[in-house]
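# Secondary and tertiary structure notes
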Amino acid sequence: MDRYFLGIDASTQSLTLILIDYNEGEILYKDSVNYDKDLPQYHTQNGTIPNEDEKIVHSNPLMWIDALEMAFERFKGSGFDLIQVSAISGSGQQHGTVYLDTTFPDILANLDPKKSLSSQIRNSLSRETSPIWMDSSTNNQCEEIRKALGGRARTIEITGSDTFERFSGPQIRKFWQEDKSAYQRTDTIHLVSSFISSILVGKNAPIDHGDGAGMNLMNIETRKWDQRALDATAPNLKNKLPSLTLSHTIVGTISPYFIQKYGFSPKLKVVAWSGDNPNSLIGVGLISKGKVAISLGTSDTYFGYLKNLKVDPKGEGHVFGAPTGDYMSLICYKNGSLAREKIKDVFGLDWDSFSKILVKSKPGNEGKIMLPYFFPEIVPLVLKPQVYRFGFDENDISANIRGIIEAQVLSMRLHSQWIAEHPQEIYATGGASANKEILQIIANVFGVNVKKFDIPDSAALGAAMRAAKSYYTPEEPKLSWEDIAMKFVDKHTINIIHPNMDLHEMYNDLLLLYEKCEDFVLRNKEDPEPLRKEFMVKYFE
Ligand code: XUL
């Protein structure tokens, strides 16, 4: 008993559930509900509602809770007796907001297990859809808030990040500007994480410091709502936000709805949910300095543990609260898996043939460089998508495949230089971390070992590990994050990929060239062509 913990990750394209056996350090059950395939009634594409304006990206909050019920239903059907689960925590795609009216607490307190959650919660939504992290339609609001806070440097100092299009504050401001009466009707604004944890405990649950930091509303030092940021965003906002809390807080026990419907124990503890990146930090065991992780998912992210608060003066990266109570750095790229998929689909390939072509192509791509802004990009900021190619065109299969992967990795190295500590080791996670050649390119570009895990779902695993830690800590204070990481993470490392240091030298040169290409296209600086020619002569003639 007291050994089974559940982690749930409500991400952009799917909802994943992981059950761990703490005593054995094993994952006993894993399942994913894919929104497009399993919930076709919502008509989503890659988990989002199609919109003619590609800057506007919303999703349906009811779909997330239907996915939750489907996952519980299947879990119950697996034969495992759900009464054995001791604690549950979760992870939500970050920044997305859910808008609820005054009826929400009552509805939650009186959920009828004979009806679906979505049919009961539907009427409490004061905004039908939720803007998510892929939305980039709030450039004006970002400027307004930044200005009101005293400029970029002040904004970063106060909130840990510059204002970003996808962050909750600018999104809330846009909602208030565009639909004042719906804003007024809104009683509570949740994040994806706190929305689902509220449903699980049957009352409004708090937002944790990890996810709260992705709003441009929380003071990164005091970890409280910052009145200046609230005032710069929308009127009366403080009254509409849940409270903030430490990530390890037990926010309640499971609501009777889930006990009656799925057979969970009335003692089941619900631990505060957090964002997917803070959860992944734990899921890959980043609890000390010098290690960073790259998550290759719908978004590609580069993140690391920070003992002390350190912000990015250029404002491309973020600082969030870490579930350990410390901090984490994060850089997020929108052109992740969906951009890789675009290249794969354009050439009618499957992932296997994509990989084979990647392996055969030459490192350095014979000097052919891509800037892969298939979608609006976050880092560097590109609001109007366009793909730039230097030295090749869109028909060259091999150059396009190597071009996109090298670009993604070089961009990570280029834009992570503000995190002063050079990584000593990189942990790879997310769906595309299954591709060994991509990991080899990461090792070569950064010049360090890359560790690969047999569980790419680090956010759901991290949530389950957090549930275990919070459950045990009061009784067994000696249980440290290191103990937990050893049990789950070290044990599941299946591959260490070593860098080729000759190629690393070449990538050092390519990094300079890549930066010149970015400068040329985005900052009107000099033509990189002469340097590109030199690079080709040096390495390919
Ligand atoms: C992080 C970010 C994404 C989302 C979705 O800032 O926007 O990584 O959390 O995964």
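Use the structure listed above.
Because the structure is a prediction, the values reported are computed rather than measured.

### Some details on the layout of surface pockets
For the largest pocket, the calculated volume is near 980 Å³. Around the largest pocket, the lining is made up of 42 residues, and of these Leu296, Gly297, Thr298, Gly430 and Gly431 lie nearest the centre. Among the elements of the structure, β2 (14-21), β3 (26-34), α13 (276-283), β14 (291-296), α14 (337-346), α15 (351-360) and α18 (458-472) are those that each provide at least two residues to the lining of the largest pocket. At four residues, the largest contribution of residues to the lining of the largest pocket is made by α15. Residues of the lining of the largest pocket, tallied by class, amount to 11 nonpolar, 23 polar and eight charged. Roughly 430 Å³ of internal volume is contained in the second largest pocket. Looking at the second largest pocket, it is lined by 20 residues, and the ones nearest its centre are Gln45, Asn46, Thr48, Glu54 and Phe375. Taken together, the residues of the lining of the second largest pocket sort by class into nine nonpolar, four polar and seven charged.

### Considerations on empty space enclosed by the protein
What the rule picks out here adds up to five cavities of 30 Å³ or more. Lining the largest cavity are 13 residues, with Tyr333, Pro372, Glu377, Gln408 and Ser411 positioned closest to its centre. For the lining of the largest cavity, the secondary-structure elements that each account for two or more residues are β18 (369-373) and α16 (397-415). With four residues, the single largest contributor to the lining of the largest cavity is α16. Among the residues forming the lining of the largest cavity, the class breakdown is eight nonpolar, three polar and two charged. Forming the boundary of the second largest cavity are 13 residues, of which Asp135, Ser136, Glu165, Glu377 and Ile378 lie nearest the centre.

### Some details on the packing of aromatic side chains
If you walk through the whole model with that rule in mind, you get 25 aromatic pairs. For the pair Tyr22 and Tyr472, a centre-to-centre distance of 5.1 Å together with 50 degrees between the ring planes defines the contact as tilted. One end of the pair, Tyr22, is in the loop between β2 and β3; the other, Tyr472, is in helix α18, with 450 residues separating them in the sequence. For the pair formed by Tyr22 and Tyr472, the shared burial category is buried. With 4.8 Å between their ring centres and 35 degrees between their planes, Tyr29 and Phe75 make a pair best called tilted. Placement of Tyr29 in strand β3 and of Phe75 in helix α2 (residues 61-77) is noted, with a sequence separation of 46 residues between them. Taken individually, Tyr29 and Phe75 each receive the classification buried, so the pair is uniform in this respect.

### Notes on the nonpolar core
Ranked by size, the top nonpolar core spans 175 residues in total, and within it Phe72, Phe258, Phe264, Ile442 and Phe446 carry the most contacts. Once residues lying within four places of it in the same chain are set aside, the contact partners of Phe72 are Leu6, Ile8, Leu17, Leu82, Ile88, Leu200, Phe258, Tyr262 and Phe264.

### Focus: the pairing of strand β17 (residues 327-333)
Of all the seven residues making up β17, seven are buried; the element is thus mostly covered by neighbouring parts of the structure. Here β17 shows a buried face lined by Tyr327, Ser329, Ile331 and Tyr333 and a second buried face lined by Met328, Leu330 and Cys332. As judged from the seven bridges shared by strand β15 (residues 300-306) and β17, these two strands associate in the antiparallel manner. Within β17, the position partnered with Tyr302 by the bridge is Ile331. With four bridges joining them, strand β16 (residues 318-321) and β17 adopt antiparallel strand pairing. Looking at β17, one finds that Phe320 is bridged to Met328. Between the end of β16 and the start of β17, which pair antiparallel, lie five residues, with Gly325 showing a positive phi angle near 100 degrees.

### Digging into helix α6 (residues 152-159)
Residues Thr155, Ile156, Ile158 and Thr159 constitute the buried set of α6. In this structure, the buried residues of α6 make contact with α5 (139-148) and α11 (227-233). Where α6 terminates, the next one or two residues include Gly160, which has phi positive at roughly 90 degrees.

### Some words on the packing of α13 against α18
Following both chains from N to C, one finds α13 and α18 inclined at 75 degrees, their axes separated by 7 Å at the closest point. Viewed along their axes, α13 and α18 adopt a mutual orientation that is roughly perpendicular. Contact residues: α13 offers Asp276, Asn279, Ser280, Ile282 and Gly283, while α18 offers Ser458, Ala459, Leu461, Gly462, Ala463, Met465 and Arg466. When its residues are assigned to classes, the contact of α13 with α18 shows five nonpolar, five polar and two charged.

### Regarding the pattern of salt bridges
Under the counting rule described, the total for this entry stands at 27 salt bridges. Linking Lys362 and Glu366 is a salt bridge whose minimum nitrogen-to-oxygen distance equals 3.7 Å. Residue Glu366 is classed as partly exposed on the basis of its relative accessible area, which comes to 35%. Here Glu437 and Arg402 are joined by a salt bridge, their closest N and O atoms 3.5 Å apart. In this pair, Glu437 is assigned in helix α17 (residues 436-446) and Arg402 in helix α16, connecting sequence segments 35 residues apart. For the pair Glu437 and Arg402, a shared accessibility class is recorded, and that class is buried. In this structure, a network of salt bridges that share partners links the residues Lys362, Glu366, Lys368 and Asp396.

### Examining the environment of Ala10
The topology assignment puts Ala10 in strand β1 (residues 4-10). Overall, the relative accessible area of 1% leaves Ala10 in the buried class. The spacing of Ala10 and Val311 is 301 residues in sequence and 28 Å in space, taken between C-alpha atoms. If near-sequence neighbours (up to four positions away) are discounted, Ala10 is found in contact with Leu15, Tyr35, Ser91, Gly92, Gln93, Val192 and Ile196.

Definitions and limits used
Residues numbered from 1 in each chain as written. Predicted model: local features only at pLDDT ≥ 70, side-chain atom pairs only at ≥ 80, totals over all residues. Heavy atoms only, no water. 1 Å grid on protein atoms, 1.4 Å probe; cavity = no way out; pocket = protein on both sides within 12 Å on 5 of 7 lines; lining within 4 Å. Points joined across faces, edges and corners; volume = space filled by probe spheres on them. Helix = DSSP H or I, 4+ residues; strand = E, 2+ residues; numbered from the N terminus. Nonpolar A, V, L, I, M, F, W, Y, C, P; charged D, E, K, R; others polar. Phe/Tyr/Trp six-rings, centres within 6.5 Å; stacked < 30°, edge-to-face > 60°. Buried < 20%, exposed > 50% of the residue type's maximum accessible area, 1.4 Å probe, protein only. Core = buried A, V, L, I, M, F, W, Y, C linked by side-chain atoms within 4.5 Å. Contact = heavy atoms within 4.5 Å. Pairing = 2+ DSSP bridges. Axes fitted to C-alpha atoms, helices over the stretch in contact; angles between N-to-C directions. Parallel < 35°, antiparallel > 145°, perpendicular 65-115°, else oblique. Salt bridge = Lys/Arg side-chain N within 4 Å of Asp/Glu carboxyl O.

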